[in-house]
Amino acid sequence: QVQLVESGGGLVQAGGSLRLSCTASGRTFSSYGMCWFRQAPGKEREFAAGISRSGGNTYYADSVKGRFTVSRDNAKNTVYLQMNSLKPEDTAVYYCAARTRVLFTSTPKDYNYWGQGTQVTVSS
């Protein structure tokens, strides 16, 4: 079992940047594929970015490609989401999630463990 805690959210103006962090408990962090999802008010949770267990493969939703970068530091049990050129439509609660299976998926129901979420608000 793994527990996930996100941090780094906040209020930023359009065009600004934020870096989210998600720190995991336990000693097997490198066994988990990790994803960032987001959920805006009144909308379904959607995939934003993902990273393989080793960090060698990354995946992005079209809406964030070129602006967001996902990375991980397995020695620190942490996955990051660097968000640049933020837009008001990026406003959402951002969640990190962990999956034990190797095959990547962007479907929320396929993830076993979730953090509590961190709010990102982008003002215009």
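Quick caveat: nothing in here was measured; it's all calculated off a predicted structure.

Definitions and cut-offs
- Residues numbered from 1 in each chain as written.
- Predicted model: local features only at pLDDT ≥ 70, side-chain atom pairs only at ≥ 80, totals over all residues.
- Heavy atoms only, no water.
- Helix = DSSP H or I, 4+ residues; strand = E, 2+ residues; numbered from the N terminus.
- Buried < 20%, exposed > 50% of the residue type's maximum accessible area, 1.4 Å probe, protein only.
- Pairing = 2+ DSSP bridges.
- Axes fitted to C-alpha atoms, helices over the stretch in contact; angles between N-to-C directions.
- Contact = heavy atoms within 4.5 Å.
- Core = buried A, V, L, I, M, F, W, Y, C linked by side-chain atoms within 4.5 Å.
- Salt bridge = Lys/Arg side-chain N within 4 Å of Asp/Glu carboxyl O.
- Disulfide = S-S within 2.5 Å.

1. Digging into unusual backbone geometry
Now for step 1: With a phi angle near 55°, asparagine 77 is a residue other than glycine that sits in the positive phi range.
Now for step 2: Positionally, asparagine 77 belongs in the loop between strand E7 (68-73) and strand E8 (78-83).
Now for step 3: For asparagine 77, a relative accessible area of 14% translates into the label buried.

2. Brief notes about the sheet that holds E7
Now for step 1: An order of E1-E3-E8-E7 is seen for the 4 strands of this open sheet, with the pairing classed as antiparallel. Of all strands in the sheet, those with a lone pairing partner are strand E1 (4-7) and E7, marking the two edges. Along the sheet, successive strands turn relative to each other by an average axial angle of 15°, direction set aside.

3. Remarks on the environment of glycine 16
Now for step 1: Structurally, glycine 16 can be placed in the loop between strand E2 (10-13) and strand E3 (18-24).
Now for step 2: Leaving out residues up to four positions away in the same chain, glycine 16 has contacts with Met83, Asn84, Ser85 and Leu86.

4. Here we look at the nonpolar core
Now for step 1: Of all hydrophobic cores here, the largest spans 34 residues; its most connected members are Leu4, Met34, Trp36, Val79, Leu81, Met83 and Tyr94.
Now for step 2: Residue assignment for this core shows that the elements contributing at least two residues are E3, strand E4 (33-39), strand E5 (46-51), E7, E8, strand E9 (92-99) and strand E11 (118-123).
Now for step 3: Per-element accounting of this core gives the leading share, 5 residues, to E9.
Now for step 4: Discounting residues that sit within four places of it in the chain, leucine 4 has contacts with Cys22, Thr23, Ala24, Met34, Cys96, Ala97, Ala98, Tyr113, Trp114, Gly115 and Gln116.

5. Comments concerning the pattern of salt bridges
Now for step 1: A full pass over the atoms with the stated rule returns 5 salt bridges.
Now for step 2: Of the charged contacts, one joins glutamate 46 and arginine 38 as a salt bridge, the two residues approaching to 2.7 Å between their closest N and O atoms.
Now for step 3: Accessibility expressed as a relative area gives 37% for glutamate 46, which makes it partly exposed.
Now for step 4: The salt bridge partner of lysine 65 is aspartate 62, with a shortest N-O separation of 3.2 Å.
Now for step 5: Several salt bridges share partner residues, and in doing so they unite Arg38, Glu46, Arg67 and Asp90 into one network.

6. Comments concerning the state of the cysteines
Now for step 1: Counted under the stated rule, the structure contains 1 disulfide.
Now for step 2: The side chain of cysteine 22 participates in a disulfide bridge whose partner is cysteine 96; the two sulfur atoms lie 1.9 Å from each other. Here the S-S torsion is close to 50°, and the disulfide linking cysteine 22 with cysteine 96 is therefore right-handed. Here cysteine 96 lies in strand E9 and cysteine 22 lies in strand E3, a separation of 74 residues in the sequence. Of the two residues examined, cysteine 22 and cysteine 96, each falls in the buried class.

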